[in-house]
Amino acid sequence: MTLLRDAAEGASLVVCNTCRFSAEDREDANGVRGGAHLVAALRAQKDGDARLDDLAVEEMPCLFNCTQHCSIHVRSPGKIGYVLGRFEPTAEAARAILDYAIAYMASEEGVVPYRQWPEGVKGHFIVRVPPVGKVVRD
């Protein structure tokens with residue numbers, strides 16, 4: 001049995017669908033995890049936005065960032081990737097993430113100048129991940 005499955009080849013948001021609802025609560029009153037809410041919000045916000053046609057919203061269980069609920073990994077081949085977390089699973093958070101993804105996809109190497117970051121992603125970056133076969137210069 002393999003844990004891995006094929007994923008989108010281009011730009012994608014990998015969303016932890018088992019993330020906690022908040023720092024205090026594992027799930028909402030209906031037993032739904034925050035990560036599942038965030039996946040749904042991202043897909044709803046993405047629908048009909050042509051700027052996001054080339055972005056996949058993918059989900060997987062547990063990004064192992066459990067202390068920083070509602071985590072995502074922004075990635076694209078040959079670009080620096082980023083893990084972000086501590087989001088509320090809301091439409092507003094989803095919109096900020098997707099607006100950042102638009103700027104990310106337009107960047108050459110995955111570096112979006114801070115002045116272009118939507119307010120809703122500031123303070124949510126946890127780690128940057130170099131692409132396979134590369135590291136970031138000093």
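This structure is a prediction, so every number in the text was calculated from the model and none was measured. (Residues numbered from 1 in each chain as written. Predicted model: local features only at pLDDT ≥ 70, side-chain atom pairs only at ≥ 80, totals over all residues. Heavy atoms only, no water.)

Caption draft 1: Representation of the side chain of Asp-49. Mapped onto the elements, Asp-49 comes out in the loop between α1 (34-46) and β2 (56-60). Polar contacts involving the side chain of Asp-49 include one to the side chain of Arg-51, which spans 2.9 Å. With near-sequence residues (within four places) excluded, Asp-49 lies in contact with Arg-95 and Ile-102. (Helix = DSSP H or I, 4+ residues; strand = E, 2+ residues; numbered from the N terminus. Polar contact = N/O pair within 3.5 Å; in protein donor to acceptor, adjacent residues only side chain to side chain. Contact = heavy atoms within 4.5 Å.)

Caption draft 2: Here's a closer look at the pairing of strand β4 (residues 81-84). Burial of the side chains of β4 extends over both faces: Gly-81 and Val-83 are buried on one face and Tyr-82 and Leu-84 on the other. Where strand β3 (residues 72-75) and β4 come together, 3 bridges link them in antiparallel fashion. Counted as the bridge partner of Val-74 is Tyr-82 from β4. In textbook terms, the turn of a hairpin is the stretch between consecutive antiparallel strands, and for β3 and β4 this stretch comprises 5 residues, one of which, Gly-78, has a positive phi near 75 degrees. Both β4 and strand β5 (residues 125-129) contribute to a ladder of 4 bridges, which runs antiparallel. Within the sheet, the bridge partner assigned to Leu-84 lies in β5 and is Phe-125. (Buried < 20%, exposed > 50% of the residue type's maximum accessible area, 1.4 Å probe, protein only. Pairing = 2+ DSSP bridges.)

Caption draft 3: Structural context of α1. With 13 residues, α1 should reach 18 Å at 1.5 Å per residue; the first-to-last C-alpha distance of 18 Å fits that figure. The complete set of buried residues in α1 reads Gly-34, Gly-35, Leu-38, Val-39, Ala-41, Leu-42 and Lys-46. Taken around the axis of α1, the buried residues stretch over an arc of 165 degrees, which confines them to a single face. Phi turns positive, to about 85 degrees, at Gly-48, one or two residues after α1. (Expected span 1.5 Å × (residues − 1). Arc of directions from axis to C-beta.)

Caption draft 4: Structural view of helix α2 (residues 91-106). With 16 residues, α2 ought to run about 22 Å at 1.5 Å a step, and its terminal C-alpha atoms sit 23 Å apart, in line with that. Of the positions making up α2, those classed as buried are Ala-93, Ala-94, Ala-96, Ile-97, Leu-98, Tyr-100, Ala-101, Ile-102, Ala-103 and Tyr-104.

Caption draft 5: Main features of the packing of aromatic side chains. Evaluation of the coordinates by the stated rule reveals 8 aromatic pairs. Measuring from ring centre to ring centre gives 6.5 Å for Tyr-82 and Tyr-100, while their planes differ by 90 degrees; the resulting arrangement is edge-to-face. Of this pair, Tyr-82 sits in strand β4 while Tyr-100 sits in helix α2, and the two are 18 residues apart along the sequence. Classification of Tyr-100 as buried rests on a relative accessible area of 1%. Among the aromatic side chains, those forming a connected cluster through ring pairs are Tyr-82, Tyr-100, Tyr-104, Tyr-114, Trp-117 and Phe-125. Note that Lys-79 overlies the ring of Tyr-104, its terminal NZ or CZ placed 5.3 Å from the centroid. (Phe/Tyr/Trp six-rings, centres within 6.5 Å; stacked < 30°, edge-to-face > 60°. Lys NZ or Arg CZ within 6 Å of the ring centre and 35° of its normal.)

Caption draft 6: Seen up close, the pattern of salt bridges. Under the defined criterion, the tally for this structure stands at 7 salt bridges. We note a salt bridge from Glu-58 to Arg-75, for which the minimum N-O separation is 4.0 Å. One end of the pair, Glu-58, is in strand β2; the other, Arg-75, is in strand β3, with 17 residues separating them in the sequence. For Glu-58, a relative accessible area of 12% translates into the label buried. Residue classification places Arg-75 among the partly exposed positions, given a relative accessible area of 30%. (Salt bridge = Lys/Arg side-chain N within 4 Å of Asp/Glu carboxyl O.)

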